[in-house]
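Here is what each chain is made of, one letter per residue.
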Amino acid sequence: MEAKRVKQILSSSADINVTFQGTEVWIDSLSEDGRTATVHLRGPGEERTTVDIHDLQEVER
C-alpha cells in the first residue's frame, strides 16, 4: 500500500477493510516518514504493532 492511500483511509469515515499478513487490522497512524504504520487487530484487544505499509493490503468487498 502507498502512503497516500494510508492517509486516505485514516481520514475516511468509511469502514475500509485492510489486512496485514492475512489478518484484518485497523490502521491507527502513519509514521512521519510515511514508511510504517501503527495497526491493531480488528475485534477485541488493543495490542498495537508497527508494520511496513507495503505489507498492508486493502480488501475489496
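Everything below is about the structure printed above this text.
Presented here is a report on the structure given in the accompanying data block. (Residues numbered from 1 in each chain as written. Predicted model: local features only at pLDDT ≥ 70, side-chain atom pairs only at ≥ 80, totals over all residues. Heavy atoms only, no water.)

1. Considering the environment of tryptophan 26
Applicable threshold: The numbering of helices and of strands both runs from the N terminus, where a helix is a DSSP run of H or I of at least 4 residues and a strand a run of E of at least 2. By definition in these notes, contact holds between two residues if any of their heavy atoms fall within 4.5 Å.
Mapping tryptophan 26 onto the fold places it in strand 2 (residues 23–30). Among all residues touching tryptophan 26, those that are not within four sequence positions of it are Asp15, Thr38, Val39, His40, Leu41, Arg42 and Gly43.

2. Here we look at the sheet that holds strand 5 (residues 56–58)
For clarity, the cut-off: DSSP bridges decide pairing: two strands pair if at least two such bridges lie between them. To get an axis, a line is fitted to the C-alpha atoms, and for a helix only the part in contact is used. The angle between two axes follows their N-to-C directions and goes from 0 to 180 degrees.
Read across the sheet, 5 strands follow the order 4-3-2-1-5 without closing on themselves; strand pairing throughout is antiparallel. Looking along the sheet, the strands with just one partner apiece sit at the ends: strand 4 (48–52) and strand 5. Direction aside, the axes of adjacent strands within the sheet are offset by 50° on average. Sheet topology places strand 2 next to strand 3 (residues 36–41); 5 bridges connect them, and they run antiparallel. Each residue of the ladder has a partner; that of isoleucine 27, found in strand 3, is valine 39. On the sheet, helix 1 (residues 3–11) packs against strand 1 (18–20), strand 2 and strand 5 and is oriented at approximately 95° with respect to strand 2.

3. Some thoughts on the pairing of strand 2
Sheet topology places strand 1 next to strand 2; 3 bridges connect them, and they run antiparallel. Note that in strand 2 the partner of threonine 19 across the bridge is glutamate 24. Taking the residues between adjacent antiparallel strands as the criterion, strand 2 and strand 3 are bridged by 5 residues, where glycine 34 takes a positive phi near 75°.

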